Amino acid sequence: MPRFDTLAELREFLETNAPGMARDTLRSAADSREKRRADAAEVNQAITKRWSEGLAALDAAIFAMGQNGLMMLKRLDEVDAADPNNSHQTVRVVLALQQFNALIVLQEIQVLLQAGFWSGGAARWRALHETAVTAKLIAEHDATLAQRYLDHGFVVQTRRLTAYFDEHGIGPVAPAELASRTKKAAALEQVHGVSNASSKFREPYGWAIPLMGMNAKGRRMRPSMEALEKLAGLDHRRLLVASAHGIVHGDSGGIGGTALMEDGQWLGGPTERFIETVARPTFETLIHLAGATHIGFEPELNDFCELICLVGSSLMTLCGDAMEKFPRE
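Residues numbered from 1 in each chain as written. Predicted model: local features only at pLDDT ≥ 70, side-chain atom pairs only at ≥ 80, totals over all residues. Heavy atoms only, no water.

## Things to note about the overall build of the chain
Looking only at helices and strands, the chain has 11 helices and 2 strands in total. When the helices and strands of the chain are listed from N to C terminus, the series reads α-α-α-α-α-α-α-α-α-β-β-α-α. Along the first, second and third principal axes, the C-alpha atoms of the chain reach 75 × 50 × 45 Å. By the burial criterion, 37% of the 329 residues in the chain qualify as buried. Considering only contacts within the chain whose residues lie at least 6 apart along the sequence, 69% involve residues at least 24 apart. On the chain, roughly 18,500 Å² of surface is accessible, and the fraction owed to carbon and sulfur atoms is 55%. For the chain, the separation between the mean place of its 35 positive charges and that of its 41 negative charges on side chains is 5 Å. (Helix = DSSP H or I, 4+ residues; strand = E, 2+ residues; numbered from the N terminus. Buried < 20%, exposed > 50% of the residue type's maximum accessible area, 1.4 Å probe, protein only. Contact = heavy atoms within 4.5 Å. Areas by Shrake-Rupley, 256 points an atom, 1.4 Å probe, with all protein chains shown as cover. Lys, Arg positive; Asp, Glu negative; His and termini not counted. Charge placed at Lys NZ, Arg CZ, Asp CG, Glu CD.)

As structure tokens, then:
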């Protein structure tokens, strides 16, 4: 590499040579593709051999979540047809959303763990945990809180779309529709405003403001995930959430824990290590989440309540048994 006396000389060198180097990199990557595929297959086989029973249980849990979710959707349609004004229907809608969101996240965790990317699985577990916290709180309260949750999503997303349009003059929503959404969002903020609150409805977790206690000044405290975890009884995983937070955001702690060395060399690919550190909390979180989405789905005892509670309990038992397939080491 030659030395340069000015930035202009460096810029000219890069403009001349960088395209050729990029083409060389593409050719080299193509040549090494088979080696990387072989390495990935080796890690995959090692993980399958060691954790076959646990991974089979994760497959079963994903299947059950999907099938039970279809039952929920069918129930939503039946209740709408029989009683459009059913007050619990809003709770059902939110719990069904949580059910299918969890189903997607579980599949992402499965793919990442099977491929040996445990840190990616841990990052997605954090999303599963937050879904479980929200589902428990929605299931334990009434349709008013469920509606706040749905409306909060509309307000937050509208504000994001508006900010993007204001910055770039373009976006996925047409200006007329965006104006209509903005007007509706403003009305919802008025409807859901809480007196003596330390935060606004549109702020993070604003839907949960009524659940917060009062501070010394008589104001309702600002909601946070940590506070919601305590309300849901899921704060025992707070330290793990904090670790996953570092991975999600790529802070120095997260990077320091995920950029590993193996045999004296930096590990820049998949590994069969640490699978159990993600799998165990995934199954534990799913127990709480399934309990909320299934048992909270019906407001009173009836045939569907018995059925959804039965399949939910079966799924929870499956997850409890699966945790034993991933012993602590």
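Alright, that's what it looks like, and here's the rest.
## Notes on the packing of helix 2 (residues 52–82) against helix 11 (residues 303–323)
The relative placement of two packed helices is expressed as an angle between their axes plus a distance between the axes. Interaxial distance between helix 2 and helix 11 falls to 10 Å at its minimum, and their mutual angle equals 165°. As summarised for this structure, helix 2 and helix 11 are arranged roughly antiparallel, according to the angle between their axes. Helix-helix and strand crossings are classified by hand; for helix 2 and helix 11 the assignment is left-handed. Residues A57, A60, A61, A64, M65, N68, M71, M72 and R75 of helix 2 touch helix 11, and the partners they reach there are F304, L307, I308, V311, L315, L318, C319 and A322. (Axes fitted to C-alpha atoms, helices over the stretch in contact; angles between N-to-C directions. Parallel < 35°, antiparallel > 145°, perpendicular 65-115°, else oblique. Left-handed = near helix turned anticlockwise from the far one by under 90°.)

## Focus on the packing of aromatic side chains
Taken as a whole and assessed by the stated rule, the structure comprises 6 aromatic pairs. When the ring of F297 is compared with that of F304, the centres are 6.0 Å apart and the planes differ by 50°; the resulting orientation is tilted. You'll find F297 and F304 in the same group, each marked buried. Ring-pair connections join several aromatic residues into one group, and the members of that group are W51, F283 and F326. Across from the ring centre of F154, 4.6 Å away, lies the NZ or CZ of K184, which sits over that ring. (Phe/Tyr/Trp six-rings, centres within 6.5 Å; stacked < 30°, edge-to-face > 60°. Lys NZ or Arg CZ within 6 Å of the ring centre and 35° of its normal.)

## Some details on helix 1 (residues 7–50)
Under the 1.5 Å per step criterion, the end-to-end length of helix 1 is only 54 Å for 44 residues, more than 12% shorter than the ideal 64 Å. Of all the bends in helix 1, the greatest, near 45°, is centred on S32. (Expected span 1.5 Å × (residues − 1). Bend = angle between axes of the 7 residues up to and from the residue.)

## Structural notes on the layout of surface pockets
Looking at the largest pocket, its volume works out to about 500 Å³. Lining the largest pocket are 17 residues, with Y149, H152, R160, Y205 and W207 sitting closest to its centre. It is helix 5 (residues 143–168) that contributes the most residues to the lining of the largest pocket, 6 residues altogether. In terms of residue class, the lining of the largest pocket is made up of 6 nonpolar, 7 polar and 4 charged. (1 Å grid on protein atoms, 1.4 Å probe; cavity = no way out; pocket = protein on both sides within 12 Å on 5 of 7 lines; lining within 4 Å. Points joined across faces, edges and corners; volume = space filled by probe spheres on them. Nonpolar A, V, L, I, M, F, W, Y, C, P; charged D, E, K, R; others polar.)

## Observations concerning the side chain of T285
Looking at the secondary structure, you find T285 in helix 10 (residues 275–295). Overall, T285 belongs to the buried group, its relative accessible area being 5%.

## With respect to the pattern of salt bridges
Evaluated as defined, the whole model comprises 13 salt bridges. Across the salt bridge formed by E189 and R202, the nearest N and O atoms sit 2.9 Å from each other. Of this pair, E189 sits in helix 6 (residues 175–191) while R202 sits in the loop between helix 6 and helix 7 (225–232), placing them 13 residues apart in sequence. The residue E284 makes a salt bridge to R237 at a minimum N-O spacing of 2.5 Å. A residue pair is termed long-range when its members are at least 10 positions apart, and E284 in helix 10 and R237 in the loop between helix 7 and helix 8 (238–249) qualify at 47 residues. Comparing E284 with R237 shows no difference in burial state: the two are buried. (Salt bridge = Lys/Arg side-chain N within 4 Å of Asp/Glu carboxyl O.)

## Focus: a negative patch on the surface
On the surface, D5, E9, E12 and E15 cluster together into a negatively charged patch. Examined against the element boundaries, E12 turns out to sit in helix 1. Judged by its relative accessible area of 54%, E12 is exposed. (Patch = residues over 30% accessible without salt bridge, like charges linked within 9 Å, V, L, I, M, F, W, Y side chains within 5 Å.)

## Here we look at the nonpolar core
Judged by nonpolar contacts, the single largest core of 62 residues is most densely connected at M65, L128, I138 and F283. Of the residues forming this core, the biggest block, 10 residues, is contributed by helix 3 (residues 89–115). For L128, the contacting residues outside a window of four places in its chain are A102, V105, L106, I109, T282, T285 and L289. F154, V155, A185 and F201 belong to the second largest nonpolar core, which has 5 residues in total. (Core = buried A, V, L, I, M, F, W, Y, C linked by side-chain atoms within 4.5 Å.)

## Quick look at the packing of helix 10 against helix 11
One way to put it is that helix 10 packs onto helix 11 with a least axis distance of 9 Å and a crossing angle of 170°. Classified by the interaxial angle, the pair formed by helix 10 and helix 11 is roughly antiparallel. Each of R280, F283, E284, L286, I287, A290, G291, H294 and I295 in helix 10 lies in contact with helix 11, whose residues at this interface are I308, C309, V311, G312, L315, M316, C319, G320, A322 and M323. Counted by class, the contact of helix 10 with helix 11 contains 13 nonpolar, 4 polar and 2 charged residues.

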